[in-house]
Amino acid sequence: MNIHNIFLKKEQFTKEDLTVLLASEGENQKLLFEKAKAIKQQYIGNVVHFRGLIEYSNTCSKNCYYCGIRSGNKEISRYTATDEEVLNIAKLVMENRYGSMVLQSGECSNKKVTSHITQLIKEIKRISNNSIGVTLSCGEQSESVYRQWFEAGAHRYLLRIESSNTQLYTKLHPQNKRHDYQSRVQCLESLKKIGYQVGTGVMIGLPFQTIENLAEDLLFFKEKDVDMIGMGPYLVHKQTPMAKYQNELLTIEQRFNLSLNMIASLRILMKDVNIAASTAMQTLNPFGREKAIEVGANIVMPNLTPLKYRENYKLYEDKPSVNEDAEETKNQLEKRILSINHTIGYDQWGDSAHYAESKNNWK
Ligand code: SF4
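Procedures and definitions
- Residues numbered from 1 in each chain as written.
- Predicted model: local features only at pLDDT ≥ 70, side-chain atom pairs only at ≥ 80, totals over all residues.
- Heavy atoms only, no water.
- Phe/Tyr/Trp six-rings, centres within 6.5 Å; stacked < 30°, edge-to-face > 60°.
- Helix = DSSP H or I, 4+ residues; strand = E, 2+ residues; numbered from the N terminus.
- Buried < 20%, exposed > 50% of the residue type's maximum accessible area, 1.4 Å probe, protein only.
- Lys NZ or Arg CZ within 6 Å of the ring centre and 35° of its normal.
- Near = heavy atom within 4 Å.
- Nonpolar A, V, L, I, M, F, W, Y, C, P; charged D, E, K, R; others polar.
- Salt bridge = Lys/Arg side-chain N within 4 Å of Asp/Glu carboxyl O.
- Contact = heavy atoms within 4.5 Å.
- Pairing = 2+ DSSP bridges.
- Right-handed = clockwise from strand over helix to strand, strands pointing away.

(A) Inspection of the packing of aromatic side chains at higher detail. Inspection of the entire model under this criterion finds 10 aromatic pairs. Ring plane angle 75° and centroid distance 5.1 Å describe the contact between Tyr169 and Tyr181, whose orientation is recorded as edge-to-face. Pair noted here: Tyr169 is in helix 7 (residues 166-172) and Tyr181 is in helix 8 (residues 181-194), with a separation of 12 residues, a long-range link. Judged by its relative accessible area of 2%, Tyr169 is buried. When its relative accessible area of 11% is taken as the criterion, Tyr181 is described as buried. The ring of Phe208 carries the charged tip of Lys171 above its face, separated from the ring centre by 5.1 Å.

(B) Representation of the site of the ligand within the structure. Around the ligand, the neighbouring residues are Cys60, Lys62, Cys64, Tyr66, Cys67, Ile69, Arg70 and Gly106. Classifying every residue of the shell around the ligand by side-chain character gives five nonpolar, one polar and two charged.

(C) A look at the pattern of salt bridges. Within this structure, the stated rule accounts for 17 salt bridges. Among the ionic pairs, Asp17 bridges to Lys9, the shortest N-O distance being 2.8 Å. The exposure class assigned to Lys9 is partly exposed, which follows from its relative accessible area of 28%. A salt bridge links Lys192 to Asp225, with the shortest nitrogen-to-oxygen separation between them at 3.9 Å. Taken together, the positions of Lys192 in helix 8 and Asp225 in the loop between helix 9 (211-224) and strand 8 (228-233) put the pair 33 residues apart, joining distant regions of the chain. What makes Lys192 partly exposed here is its relative accessible area of 22%. Judged by its relative accessible area of 26%, Asp225 is partly exposed. If you follow the salt bridges from partner to partner, you end up with Lys62, Glu107, Glu140, Arg178 and Arg184 in one network.

(D) Fine view of the environment of Leu21. Mapped onto the fold, Leu21 is located in helix 2 (residues 15-22). Along the backbone, Leu21 and Gln141 are 120 residues apart, and their C-alpha atoms lie at a distance of 35 Å. If we skip the residues at most four places from it in the chain, Leu21 touches Ile3, Ile6, Phe7, Phe13, Leu32, Asn261 and Ser265.

(E) Quick peek at the pairing of strand 4 (residues 133-137). Burial analysis of strand 4 places five of its five residues in the buried class, which makes it a mostly covered element. With burial as the criterion, each face of strand 4 is covered, one bearing Gly133, Thr135 and Ser137 and the other bearing Val134 and Leu136. Summarising the sheet, strand 3 (residues 100-105) and strand 4 pair through five bridges and their orientation is parallel. What sits directly across from Met101, in strand 4, is Val134. Of the crossover connections in this fold, the one passing from strand 3 over helix 5 (residues 111-127) to the parallel strand 4 is right-handed. Note that strand 4 and strand 5 (residues 156-158) share two bridges and pair parallel.

Structure (C-alpha cells):
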C-alpha cells in the first residue's frame, strides 16, 4: 500500500500497514520521518526532558539470555550503590535541573531489598522537597511492592516486555516460571491499575525476530495503552547465550535504520506518549540519540551512575559513556540537543502527555 494512504488512516493502522512503515527506505523513509516529526511538533513540541539515571544495583535473580548482568554471568562483580551515593545523585539531579531521576536495577524481590528501595524513594522525595520526579525500573514485583513504592512517591515505572511475541519471548528467556511472559504482562497491568505512568519497550533486530513481530510490538503498546516507551537496537553481550547468534544479525546500519523506523512509526501511532532516545542508539551511531529525537523521541536519560560501577552494569557491549563523568555528559548533551533545534525542559518532571490525557478521559 502507498505510504500516503496509510497516513490517511491516522491511528487505525493494521499490522500490515505498520509492516510497510517499518520497512520504509529511501523516499518512503523520508516521508515517514517528516510525518513523525510534524506529529511530534504538534503534540509534544521540540522539547526534550531529561531523567538522571542511576544504575542502583546489578544484582539480578533472573537469567535472561541476552543480558550482560544475568545471574548466570559470573564474570562481573556485583554491586549495590550506597544510600549516600543514591542521594548524591538526587542532589546532582537538582543541581543540573534535570527534574527527574530513574532508579534502575536488576530484579530482586527480597523484602529487605524492596523495603530499602521504599526508604530511598521517600528520602529522595524528602531531600528534594518533592521537586524530583522518580521513575523506577526494578523488574517484576508483587502488586503490593509496586503499591508500596508508589505510595512512597515513585510515579513512573519502566518494565520492558522485550518482545510481545510469545514464541520469541520464549526464545529469549529460560523456560521456567520466573521468566513467564504472562507474569510480565500481569505486572504491566498491576502498575497501570495502581496509577503509575507505565513504560515498556522492546529490542529491535533480535535473532529470529521478523518485521511483523515489530509491527505486533507497536500494536501491543497501543493495546496496553502505555504512557512511555523505551526501545532500541539489540546489541550483543558476549558473556550471554544469545551471543552465539551474532553472525545471523542484521547489519549495524540495518538495525539502526529499523530502530529509527520503529520510533517514527510509534510517534505516528501513539502521538502523545513519551519516547526515549536510548543509549543503545548512540552505540550504533555517534549521533544516534539526536537522530532518534529528530524522528520522534523526546526523552533522554543521562547516566549519572558513579563511574566505578559502570563497567559492571553493561547490559550489552560497547555501552557509551562508561568513562564519562556527569559534568561531561551534561555539557555534551546540552550542546547536542540545542544543535538539533530542540530545547531542554529543565526543572520539569516531563510527564507523559498521554497519561494526563487518559486520566482526563476517565473523569
Ligand atoms: S534483562 Fe533485567 S531481569 Fe533479565 S537478567 Fe537483565 S537485569 Fe535481570
